[in-house]
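The lines below spell out each chain.
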Amino acid sequence: MATVLSRLALLQPRTLAEALRLLRDEGPLVPLAGCTDLYVGLHFGTVRQPRFLDLQGLRALGGIRLSGETLVIGALATYAELIASPLVRRRLPILAEASRWVGSPQIQNRGTLGGNVANASPAGDTLPVLAVAEATVVLRSADGERRIPFNGFYTGYRQTAMRPDELIVAIEVPPVEGRQWFRKVGTRAAQAISKVVMAAVRAPRPRIALGSVAPTVVRAARTEAVLAERATLAEAQAALMDEIQPIDDLRSTAAYRRRVSANLLAQFWNDTGRRGLLPECS
Amino acid sequence: MRFVLNGKRADVQAPPLKRLLDVLREDCGLAGTREGCGEGECGACTVLLDGAPVNSCLVPLAHVRGRKVTTIEGLRSRVPEALAREGGTQCGICTPGVVMAAAALGQKPNAARVREALAGNLCRCTGYAGIVRALAGSRAAPHPRVLSAGRRITGKRRA
């Protein structure tokens, strides 16, 4: 049976340099790696680009390694690789934890970190983790390399600072001081797109990031400041509910997302405190 | 496109972005791999790619070049008997995918491990209890009502 997929062209470069040249000279091309998101749209005809660039097999985009004190994660690292990586588990355990909550084992075996970042969904499970880790997105084009702070990477709903001739080659994560925390809230444990997803770090200056509560993944800067000033949890919760901008959609409502975000903040604070010294959120 | 299919060399002439699921069913005549949702949600189309379970509806043929693909027809497993014994299969649409996903489980997994490994396999008949029972811990005790084995799917292509 000929489907829409039969008529599409796929360019398969052997090296990163060749891939970047094709992007510059033969574009527009849609890069393709784990296909876990792209193929849903392709099969159902909602993605209509006719030409694709296959990144699978480009060695320069793979691997997880330490460079000095920086954790360097290749764009093609799969969720399964992140879960299994001793480096990730030691330095950024919430990235391994977030990866366990992505889709299912079948999806985790194929989907990539670079894909989650490039896809730019506000609900991407790993994105709040990269936000609190203050990661850097390493981009490459035929003209050279650019590094963009992850927290400045998204410019709007499904919009990024990437140019069409650039590829994500790696995500760099500096050391993270403090206790790391992650939780995703969805309809069920597996195969759910998040209603709210939150990552946080308990440190003198706490870090908090949320997904599915705004057009992009967001750092809750005002809430962080309130917590750093040793205000009460209730004050921090009020700040958080005020600064996020959730919407009603088919997965949840704005009111539910606000309430759950506040509850997650309380859970984070209680889970990571030395004692349960702050009251539960009512 | 050359790859290893169920331990044998395969060479398929098909568009590079054709779904592995369609290649298996249409070009290779292996109809044991089912299509459920077509969007990576249900797991009915699960096959092993270099030993790891993947949704074949989300894999372009280009991505299996030089790699090992294992389908339900090529798997030697005692899981089907265990599923039948424990009431872990009814209509059968999800069952090949369940068997393939279970192939990634180690020996004698506990129920929590089974549930996590099968989190991407939907079953609308059994309520999962029979599936988990079949896969978790010991598989020694036979259920008193053993189902008779259904007709074998031979993998021959139908017109």
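Residues numbered from 1 in each chain as written. Chains lettered and ligands numbered in written order. Predicted model: local features only at pLDDT ≥ 70, side-chain atom pairs only at ≥ 80, totals over all residues.

Considering the interface of chain B and chain A
Our working rule: We call two residues in contact when the distance between their C-beta atoms, placed using the backbone, is within 7 Å. Helix and strand definitions here come from DSSP, where helices need a minimum of 4 consecutive H or I residues and strands a minimum of 2 consecutive E residues; each element is numbered from the N-terminal end. Throughout, the ten residues Ala, Val, Leu, Ile, Met, Phe, Trp, Tyr, Cys and Pro are labelled nonpolar, Asp, Glu, Lys and Arg are labelled charged, and all others, Gly among them, are labelled polar.
Contact residues are listed per partner, giving 27 residues for chain B and 26 residues for chain A. At the level of secondary structure, the elements contributing two or more residues to the side of chain B that touches chain A comprise helix 1 (20–27) and strand 4 (52–55) of chain B. Among the elements that take part in the side of chain B that touches chain A, strand 4 of chain B stands out by supplying four residues, more than any other. Taken together, the residues that form the side of chain B that touches chain A break down as 14 nonpolar, seven polar and six charged.

A short note on unusual backbone geometry
Residue and element names in this part refer to chain A. This is how it is decided: Using C-beta atoms placed from the backbone, we call a residue buried if 20 or more other C-beta atoms fall within 10 Å of its own, exposed if 12 or fewer do, and partly exposed for counts in between.
For the peptide bond that leads from G27 to P28, omega is 5°, which places it in the cis range. The topology assignment puts P28 in the loop between helix 1 (16–25) and strand 2 (30–32). You will see that C35, though not glycine, has its phi angle at about 65°, which is positive. With respect to the helices and strands, the residue C35 is situated in the loop between strand 2 and helix 2 (38–43). The backbone of R230 sits at a positive phi, close to 60°, despite the residue not being glycine. Residue placement: R230 occurs in the loop between helix 9 (221–228) and helix 10 (233–243). Residue R230 is classed as exposed on the basis of its 7 C-beta neighbours within 10 Å.

A closer look at the sheet that holds strand 6 (residues 136–141) of chain A
All names here are of chain A. Cut-off, in case you're wondering: Any two strands with at least two DSSP-identified bridges between them are counted as paired. To define axes, lines are fitted to C-alpha atoms, for helices over the stretch in contact only, and angles between the resulting N-to-C directions are given on a 0 to 180 degree scale.
Taken together, five strands build an open sheet; the order of strands is 4-5-10-6-7 and the sheet is antiparallel. A strand with exactly one partner marks an edge of an open sheet, and here the two such strands are strand 4 (64–67) and strand 7 (144–149). Taking the axes of each pair of neighbouring strands and ignoring which way they run, one obtains an average angle of 25° across the sheet. As paired strands, strand 6 and strand 7 are joined by six bridges and run antiparallel to one another. Across the sheet, residue V138 finds its bridge partner in strand 7, namely R147. Against the sheet, helix 1 contacts strand 6 and strand 10 (167–173), and its axis sits at roughly 75° relative to strand 6.

Some points on helix 1 of chain A
Residues and elements named next belong to chain A. We apply this condition: In this description, one arc is meant: the one made by directions from the helix axis to the C-beta atoms.
Listed as buried for helix 1 are A19, L20 and L23. With its buried residues spanning 95° around the axis, helix 1 presents them on a single face. Of the surrounding elements, those touching the buried residues of helix 1 are strand 3 (51–54), strand 6 and strand 10.

A closer look at the domain arrangement of chain A
To keep things clear, this is the line we draw: Segmentation of the chain into domains, including their bounds, is taken from an automatic or database domain assignment.
Here chain A is described as being made up of domain 1 (4–54), domain 2 (59–173) and domain 3 (179–272). Using only C-alpha atoms to locate each centre, domain 1 of chain A and domain 3 of chain A end up separated by 35 Å.

What to know about the pairing of strand 11 (residues 179–185) of chain A
Residue and element names in this part refer to chain A. Among the seven residues in strand 11, five count as buried, and that is most of the element. As paired elements, strand 11 and strand 12 (residues 196–202) share seven bridges and run antiparallel to each other. Its bridge partner lying in strand 12, Q180 is registered against V201.

Some words on the packing of helix 10 of chain A against helix 11 (residues 254–272) of chain A
Residue and element names in this part refer to chain A. Operational definition: The sense of a crossing depends on the near helix, which, turned anticlockwise from the far helix by less than a right angle, makes the crossing left-handed and, turned clockwise, makes it right-handed.
At their nearest, the axes of helix 10 and helix 11 sit 9 Å apart, and the two run at 145° to each other. In terms of crossing hand, the pair formed by helix 10 and helix 11 is right-handed. On the side of helix 10, the interface is formed by L233, A236, Q237, L240 and M241, while helix 11 contributes R258, S261, A262, L265, A266 and W269. Per-class residue counts for the contact of helix 10 with helix 11 are eight nonpolar, two polar and one charged.

Quick notes on the nonpolar core
A general trend in soluble globular proteins is that nonpolar side chains are found buried together. What counts here: Buried Ala, Val, Leu, Ile, Met, Phe, Trp, Tyr and Cys residues whose C-beta atoms connect them within 7 Å together make up a nonpolar core.
Within the largest apolar cluster, 131 residues are counted, with the highest numbers of intra-cluster contacts made by A:V129 and A:A199. Residues contacting A:V129, with those up to four places away along its chain left out, are A:L92, A:I94, A:L95, A:A98, A:F182 and A:A199.

Concerning the confidence of the model for chain A
Filter applied, for reference: pLDDT is a per-residue confidence score from the predictor, ranging from 0 to 100.
Looking at chain A, the pLDDT average stands at 92 and 95% of residues meet or exceed 70. Contacts of residues 276–282 of chain A to residues separated by more than four positions or lying in other chains number 11 contacts, the stretch itself having pLDDT below 50.

Section: the confidence of the model for chain B
Residue and element names in this part refer to chain B. Here chain B shows a mean pLDDT of 87. Residues at 70 or above account for 86%. Throughout residues 140–159 the model reports pLDDT below 50, and contacts reaching past four residues in sequence, or to other chains, amount to 14 contacts. Predicted complex metrics record ipTM = 0.90 and pTM = 0.90.

Considerations on the environment of B:L24
All names here are of chain B. Structurally, L24 can be placed in helix 1. Note on L24: 28 C-beta atoms within 10 Å, which makes it buried. Counting along the chain gives 90 residues from L24 to V114, while the straight-line C-alpha distance between them is 27 Å. If sequence neighbours within four positions are ignored, L24 has contacts with L30, T33, S56 and T71.

A few points about the environment of A:G74
Residues and elements named next belong to chain A. Checked against the element boundaries, G74 lands in strand 5 (residues 70–74). For the pair G74 and R59, spaced 15 residues apart in sequence, the C-alpha separation works out to 9.1 Å. When residues no more than four places from it in sequence are discounted, the contact partners of G74 are L61, G62, G63, I64 and A170.

Description of the sheet that holds strand 14 (residues 218–219) of chain A
All names here are of chain A. Pairing within the open sheet is antiparallel, and its four strands lie in the order 11-12-13-14. A strand with exactly one partner marks an edge of an open sheet, and here the two such strands are strand 11 and strand 14. Where strand 13 (residues 207–211) lies against strand 14, two bridges are found, and the strand directions are antiparallel. If you follow L210 over to strand 14, its bridge partner there is V218. Sheet strands in contact with helix 11 are strand 11, strand 12 and strand 13, and its direction is about 30° off that of strand 12.

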